[in-house]
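# Inside the fold
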Amino acid sequence: MKSIFKLSFLLILSIILISCVQNKGGAIYSQQPSQEEMISWNWGKYPSNYKKIVESELNKDAPKGKKIYYEYEGKPEKIWMPNKLGVGYVYGYGGCVVQSSNDIGRVKYRYIIRDGMVVVLEEMKDSMTLF
């Protein structure tokens, strides 16, 4: 019984630790871009105002007049993910943010910013989903 508890605890801890792994070319996708391809990408300028960019996008759907808090899991880094259309990749600077308030609770999002715009903003419903 004690070993089952330890195994369950380790599994849950592992899931938490990888829930927001940022892809730096070592992703678990069937088709990874080559190093040459990634070098040729125009990643855009580093978004030093990333908090303002992400929060303005998230605030579009937030309850009006309520205090909302944001927790960022590190600063944005170069990341990529397969395009959901099945062709090519979406890339830029991204990471994870947790939005919280009394009305909505805590919701975790992944984001990618390129050229000052949010190009990916997705709620992380499945903690096993990686970039």
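Rules used throughout
- Chains are numbered independently. Their residues run from 1 in the order of the written sequence.
- Where totals are concerned, whole chains, interfaces and linings use all residues; where local detail is concerned, this predicted model gives features only for residues with pLDDT of at least 70, and gives and counts side-chain atom pairs only at 80 or more.
- Side-chain numbers come from the whole structure's heavy atoms, not from hydrogens or water.
- A run of H or I in DSSP counts as a helix once it spans at least four residues, and a run of E counts as a strand once it spans at least two, with each numbered from the N terminus.
- Only protein chains enter the accessibility calculation, which uses a 1.4 Å probe. A residue is then buried if its area is under 20% of the maximum for its type, exposed if over 50%, and partly exposed in between.
- Between N or O atoms, a polar contact is any pair within 3.5 Å; within protein, one atom must be a potential hydrogen donor and the other a potential acceptor, and residues adjacent in sequence are included only when both atoms are from side chains.
- Side-chain atoms within 4.5 Å link the members of a nonpolar core, which is a set of buried Ala, Val, Leu, Ile, Met, Phe, Trp, Tyr and Cys residues.
- Contacts are assigned to residue pairs that have any heavy atoms within 4.5 Å of one another.
- Pairing of aromatic side chains requires ring centres within 6.5 Å, counting the rings of Phe and Tyr and the six-membered ring of Trp. Pairs whose planes differ by under 30 degrees are stacked, by over 60 edge-to-face, and all others tilted.
- Should the NZ of a Lys or the CZ of an Arg lie within 6 Å of a ring centre and within 35 degrees of the ring normal, that charge is described as sitting over the ring.

## Describing the side chain of Q99
For Q99, the location among the structural elements is in strand 3 (residues 89-101). Here Q99 falls in the buried class, since its relative accessible area comes to 3%. Polar contacts involving the side chain of Q99 include one to the side chain of Y70, which spans 3.3 Å.

## Considerations on the nonpolar core
One finds V54, L58, Y70, Y72, V97, Y111 and I113 to be the most contacted residues of the largest nonpolar core, which totals 13 residues. At the level of elements, helix 3 (50-59), strand 1 (69-72) and strand 4 (105-114) are the ones that each hand at least two residues to this core. Leave out the neighbours within four places in its chain, and Y72 touches Y50, K51, V54, E55, C96, V97 and Y111. Among the nonpolar cores identified, the runner-up in size contains seven residues, and W41, W43, Y91 and Y93 belong to it.

## As for the packing of aromatic side chains
Under the defined criterion, the tally for this structure stands at eight aromatic pairs. Centre to centre, the rings of Y50 and Y72 are 5.4 Å apart; their planes meet at 85°, and the pair counts as edge-to-face. Residue Y50 is located in helix 3, and its partner Y72 is located in strand 1; the two are separated by 22 residues in the primary sequence. Across this residue pair, the class does not change: Y50 and Y72 are buried. Clustering of aromatic rings is evident, with ring pairs tying together W41, W43, W80, Y89 and Y91. We note R114 situated over the ring of Y91; from NZ or CZ to the ring centre the distance is 4.6 Å.

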